[in-house]
Amino acid sequence: PRPRVQWAFVYIAIYGDNFVTAGGKVAAMLGQSGMGAIAQSTLVYPVLNVGRLIGVAIGVGSGFLTLQTFILADQWPQPVIGGIAGFAVVSVALSCVDAGNKCVYVCYVEAPELLAQRIPELSEAFAADERNKVQDFKRGVTNKVGPVEQSSAQAEVKEVEMIIKP
């Protein structure tokens, strides 16, 4: 699934939200809390991709080993099928690691004080990142100023006297 959908599934699994509500929370979390930028800069995703490539290599190697006992007219299908099978098996196994990683980020955004109690080193590392805006996000402060959203500063009300002439 698409990356934002995967984050929405984390909200659905943890809080039991419906998909639309979870999608709204994901958009707010990734856009305003700063955790989206922190999550993108970690080494988790490149390491998972390296793991998948290793799975492909093992599958291709297994395919070549089967050629020693089963000789076919064409020698390319066995390594290709082995590579596809290796990628699929390793991807399924690593999806648990990916889901756990996303869960840690969501739990930190939703309740940073609980993560600080349970894993203080990780909480301190998140808090030390200058892109972290979780405390502002929890207070409802946004960086967007537009017709619908306002910043945390109070809006000024000015009275204007208008004279309309016919």
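Residues numbered from 1 in each chain as written. Predicted model: local features only at pLDDT ≥ 70, side-chain atom pairs only at ≥ 80, totals over all residues. Heavy atoms only, no water.

So, on to the side chain of R52. Its place among the elements puts R52 in helix 4 (residues 44-66). Ignoring sequence-local partners within four residues, the contact set of R52 consists of F87, V90, S91 and L94. (Helix = DSSP H or I, 4+ residues; strand = E, 2+ residues; numbered from the N terminus. Contact = heavy atoms within 4.5 Å.)

Our focus in this paragraph is the packing of aromatic side chains. Per the counting criterion, the structure on display carries five aromatic pairs. Relative to F19, the ring of F9 has its centre 5.9 Å away and its plane inclined at 50°; by these criteria the two rings are tilted. Here F19 lies in helix 2 (residues 19-32) and F9 lies in helix 1 (residues 3-15), a separation of ten residues in the sequence. By relative accessible area, F9 is classed as partly exposed at 42%. The lysine or arginine in question, K25, covers the ring of Y15, its NZ or CZ lying 5.5 Å from the ring centre. (Phe/Tyr/Trp six-rings, centres within 6.5 Å; stacked < 30°, edge-to-face > 60°. Buried < 20%, exposed > 50% of the residue type's maximum accessible area, 1.4 Å probe, protein only. Lys NZ or Arg CZ within 6 Å of the ring centre and 35° of its normal.)

In this section: the pattern of salt bridges. Close approach of charged atoms lets side chains of opposite charge pair. The tally for this structure, following the rule as stated, stands at two salt bridges. A salt bridge links D17 to K25, with the shortest nitrogen-to-oxygen separation between them at 2.7 Å. A relative accessible area of 16% means that D17 is categorised as buried. Accessibility expressed as a relative area gives 29% for K25, which makes it partly exposed. Here D98 makes a salt bridge to K102, at a shortest N to O gap of 2.9 Å. Remark: K102 and D98 occur in helix 5 (residues 77-110); sequence separation between them is four residues, near one turn of the helix. Classification of K102 by relative accessible area gives buried; the value is 3%. (Salt bridge = Lys/Arg side-chain N within 4 Å of Asp/Glu carboxyl O.)

With respect to the element layout, G24 can be found in helix 2. Sequence-wise, G24 and A8 are 16 residues apart; in three dimensions their C-alpha atoms are separated by 8.5 Å.

Moving on to the packing of helix 4 against helix 5. Relative orientation of the contacting elements helix 4 and helix 5 amounts to 155°, with a least axis distance of 7 Å. Here helix 4 is positioned roughly antiparallel relative to helix 5, judged by the angle of their axes. When the axes of helix 4 and helix 5 are compared, the crossing they make is right-handed. Tallied by class, the residues present in the contact of helix 4 with helix 5 amount to eleven nonpolar, eleven polar and three charged. (Axes fitted to C-alpha atoms, helices over the stretch in contact; angles between N-to-C directions. Parallel < 35°, antiparallel > 145°, perpendicular 65-115°, else oblique. Left-handed = near helix turned anticlockwise from the far one by under 90°. Nonpolar A, V, L, I, M, F, W, Y, C, P; charged D, E, K, R; others polar.)

Nothing here speaks to function; it is geometry throughout.
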